[in-house]
Amino acid sequence: MTNPDDAAYMAKALRLAARGRFSTHPNPRVGCLLVRNHSVVGEGWHRRAGGPHAEIDALAAACGRARGATAYVTLEPCSHQGRTPPCAPALADAGVARVVIPTLDPNPRVSGEGVAMLRAAGLAVDVGILADEARALNAGFFARMETGRPRATVKLAASLDGRTAMASGESRWITGAEARADVHRLRADSSAIVTGIGTVLADNPSLTVRRPDLDLQGRQPLRVVLDSRLRMPPDAKMLSLPGDTVVFATSQASAGADRLVGAGARVETLPGASGQLDLAAVSRRLGDMECNDVLVETGPRLAGAWVLAGLADRVVVYLAPHLLGDRARPLMELPGLESMADRVQLRIAGVRQVGRDLRIELEVGDE
Ligand code: AOF
Ligand code: ZN
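Enquirer: Got a minute to help me understand the packing of aromatic side chains in this structure?
Expert: Ring pairs (aromatic) are described by centroid distance and by the angle formed between their planes. A complete count under the given rule lists two aromatic pairs for this structure. With a centroid separation of 6.5 Å and an interplanar angle of 90°, the aromatic rings of Phe141 and Phe142 are classed as edge-to-face. Accessibility assignment for this pair places Phe141 and Phe142 in one class, buried. The positively charged end of Arg19 is found above the aromatic ring belonging to Trp45, 4.7 Å away from the centroid. The positively charged end of Arg180 is found above the aromatic ring belonging to Trp173, 4.0 Å away from the centroid.

Shown next as structure tokens:
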């Protein structure tokens, strides 16, 4: 039986969960609120993998006052021994009387088991409150658990006429400082950032998060370079920066691989055809590497290929208020689009101005 305060308490638990937004990878963001007699006796959230889960953090804050309380947890409490002991028995042992959750944990090691454990221990369990909001907070984690692949966001910066660089390749700076700072937030949200060797050779990007106001708990998203023929130079800037870089190639042209490994990169071979990596294999491999959200930050060819392969879930485009003209480079190369029936359908999920630019967030697909 739900009660009228449940939604408000769950909303508060979701705000606690969001504090771990940039740091819980590969784990989900989870918050927990313990409430007894209409007063909050403990708050907790998961900060980083290997650290205490939200429930354990909240129980510690409650200092023994959890007996008879209701626990609002933004994900089904776990039943398994992972990096840390299971939460469902800990809630029962602390004397919690009722547990409210939005959804089951999509992790097959848990899904349904946590609820079963709680009920077997005599706790009341209500499932379903604010389920859409809870799924949205962990959209990448749900995608990985349900499909084996991360959620992918393609980020683009373009002029109002949809151009991303001059014909010469010159592209700095299309968007303003505020939009570029917003991109760091997208990076911080991600397990990995994917780019192509063309972008590395042209721009030598760092692909790091450089915003002290975002709490990543020391984490940097994994940098992933798609480089079928291993053209990555060992002195590429990203290889000297904090965080890991993996280079995916179609074959280990050995001298190149050794030089890159010597420079600190990891080199892996994945399937491909005619010198192009199979992007579905790339996406699956990133899922196996426990990536929940990946951000694709690259040039028009790879961005288009990612979309045409049906692997992009979202597009975030920053539109700058200037015109680069019809000789400048397009937003995406989408070979094979001949008729309106072939067009890629998107749905606008949000629009706002960021500094002097416009930020449009879109979901890929018809629904
Ligand atoms: C919870 N509360 O706060 C989180 C949960 O390796 P571990 O021990 O960190 O377990 C990771 C798994 O636990 C993760 O894949 C997900 O199924 C669940 N996350 N569960 O009860 C939490 N972060
Ligand atoms: Zn747990």
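Resuming the write-up.
Enquirer: What's the story with the sheet that holds strand β5 (residues 124-127) in this structure? I'm lost.
Expert: The strands making up a sheet associate through backbone hydrogen bonding, with each pair oriented either parallel or antiparallel. Taken together, the five strands give an open sheet; going across it, the order is β2-β1-β3-β4-β5, and neighbouring strands pair in mixed fashion. Of all strands in the sheet, those bounded by a partner on one side alone are β2 (39-45) and β5. Within the sheet, the average angular offset between the axes of one strand and its neighbour, ignoring direction, is 15°. Where strand β3 (residues 70-73) meets strand β4 (residues 98-101), three bridges bridge the pair, whose relative direction is parallel. Opposite Tyr72, over in β4, you have Val100 as the bridge partner. Contacting β1 (31-36), β2, β3 and β4, helix α1 (residues 6-18) runs over the sheet at an angle of about 140° to β1. The strands that helix α4 (residues 113-120) touches are β4 and β5; relative to β5, the one it contacts most, it runs at about 150°.

Enquirer: Which parts of the structure should I look at to understand the domain arrangement of the protein?
Expert: It is common to report an interface's size as the accessible area lost on association of the parts. As far as domains go, the protein holds domain 1 (6-137) and domain 2 (141-364). Counting residues at the interface gives 20 residues for domain 1, matched by 16 residues for domain 2. Summed over both partners, the interface of domain 1 with domain 2 buries about 1,700 Å², with 55% contributed by carbon and sulfur atoms. Across the contact surface, domain 1 and domain 2 share four salt bridges. Put simply, Arg83 and Glu290 hold a salt bridge, and the shortest N to O gap is 3.9 Å. Between the two partners, domain 1 and domain 2, sit eight residue pairs in polar contact (both at pLDDT 80 or more). Split into classes, the residues belonging to the side of domain 1 that touches domain 2 amount to eight nonpolar, five polar and seven charged.

Enquirer: Help me out: how do you make sense of the nonpolar core in this one?
Expert: Grouped burial of nonpolar side chains is what soluble globular proteins tend to show. Val154, Val224, Leu226, Phe248, Leu286 and Trp306 are the most contacted members of the largest nonpolar core, which has 32 residues in total. Filtering out sequence-adjacent residues up to four positions away, Leu286 remains in contact with Pro150, Val194, Val224, Phe248, Cys291 and Val294.

Enquirer: Where do I start with the coordination of the zinc ion (ligand 2) in this structure?
Expert: Taken together, His53 (ND1), Cys78 (SG) and Cys87 (SG) make up the full set of protein donors to the zinc ion (ligand 2), lying 2.0 to 2.2 Å away. One way to put it: the four donor atoms around the zinc ion (ligand 2) meet at angles of 102 to 118°, and that makes the site tetrahedral. Sequence spacing of the donor residues for the zinc ion (ligand 2), all on one chain, is H-x24-C-x8-C. Owing to a relative accessible area of 4%, Cys78 belongs among the buried residues under this scheme.

Enquirer: Can you help me understand the environment of Arg314 in this one?
Expert: With respect to the element layout, Arg314 can be found in strand β15 (residues 314-320). Arg314 gets classed as buried once you look at its relative accessible area, which sits at 12%. As for Arg314 and Arg347, which are separated by 33 residues in sequence, their C-alpha atoms are 9.2 Å apart. Contacts of Arg314, omitting those with residues within four sequence positions, involve Arg151, Ala152, Thr153, Val154, Leu186, Glu361, Leu362, Glu363 and Val364.

Enquirer: Before we go on, may I ask you to explain the state of the cysteines in this structure?
Expert: Such a bond, covalent and formed between the sulfur atoms of two cysteines, is termed a disulfide. A complete count under the given rule lists zero disulfides for this structure. Here Cys63 stays free of any disulfide, with the sulfur of Cys32 as its closest cysteine sulfur at 14 Å.

Enquirer: Teacher, can you tell me more about the layout of surface pockets here?
Expert: Over the atoms, a rolling probe the size of a water molecule traces out where space has been left empty. Here the second largest pocket defines a volume of roughly 750 Å³. If you trace the second largest pocket, you find 27 residues lining it, with Ala139, Arg151, Arg314, Glu361 and Glu363 closest to the centre. Of all the secondary structure elements, the ones that give two or more residues to the lining of the second largest pocket are α5 (131-137), α6 (139-147), α7 (177-188), β17 (346-354) and β18 (357-364). In this structure, the lining of the second largest pocket is formed jointly by two domains, domain 1 (6-137) and domain 2 (141-364), each of which donates at least three residues.

Enquirer: I'm lost on the site of ligand 1 in this one. Help?
Expert: Close contacts around ligand 1 come from 18 residues, with Asn27, Ala54, Glu55, Arg83 and Asp105 the closest. One of the side-chain N or O atoms of Asn27 is found 2.9 Å from an oxygen atom in ligand 1. Burial of ligand 1 by the protein chains amounts to 96% of its free accessible area of 520 Å². Broken down by class, the residue content of the shell around ligand 1 amounts to seven nonpolar, seven polar and four charged.

Enquirer: Mind showing me how you'd approach the pairing of strand β6 (residues 151-159) here?
Expert: Every regular strand shows the same layout, with side chains that alternate between the two sheet faces. Taken across its nine residues, β6 has nine buried, putting it largely inside the fold. In this structure, β6 lies alongside strand β14 (residues 293-297), joined through five bridges in parallel fashion. Following the sheet pairing, Ala152 is matched in β14 by Val294. Where β6 and β15 come together, seven bridges link them in parallel fashion.

Scoring rules and cut-offs
Residues numbered from 1 in each chain as written. Chains lettered and ligands numbered in written order. Predicted model: local features only at pLDDT ≥ 70, side-chain atom pairs only at ≥ 80, totals over all residues. Heavy atoms only, no water. Phe/Tyr/Trp six-rings, centres within 6.5 Å; stacked < 30°, edge-to-face > 60°. Buried < 20%, exposed > 50% of the residue type's maximum accessible area, 1.4 Å probe, protein only. Lys NZ or Arg CZ within 6 Å of the ring centre and 35° of its normal. Pairing = 2+ DSSP bridges. Helix = DSSP H or I, 4+ residues; strand = E, 2+ residues; numbered from the N terminus. Axes fitted to C-alpha atoms, helices over the stretch in contact; angles between N-to-C directions. Contact = heavy atoms within 4.5 Å. Domains from an automatic or database assignment. Buried area = accessible area lost by both parts, 1.4 Å probe. Salt bridge = Lys/Arg side-chain N within 4 Å of Asp/Glu carboxyl O. Polar contact = N/O pair within 3.5 Å; in protein donor to acceptor, adjacent residues only side chain to side chain. Nonpolar A, V, L, I, M, F, W, Y, C, P; charged D, E, K, R; others polar. Core = buried A, V, L, I, M, F, W, Y, C linked by side-chain atoms within 4.5 Å. Donors = N, O, S within 2.8 Å, 3.2 Å for Na, K, Ca; no water. Tetrahedral: all angles 85-135°; square planar, octahedral: opposite > 155°, others 65-115°. Disulfide = S-S within 2.5 Å. 1 Å grid on protein atoms, 1.4 Å probe; cavity = no way out; pocket = protein on both sides within 12 Å on 5 of 7 lines; lining within 4 Å. Points joined across faces, edges and corners; volume = space filled by probe spheres on them. Near = heavy atom within 4 Å. Areas by Shrake-Rupley, 256 points an atom, 1.4 Å probe, with all protein chains shown as cover.

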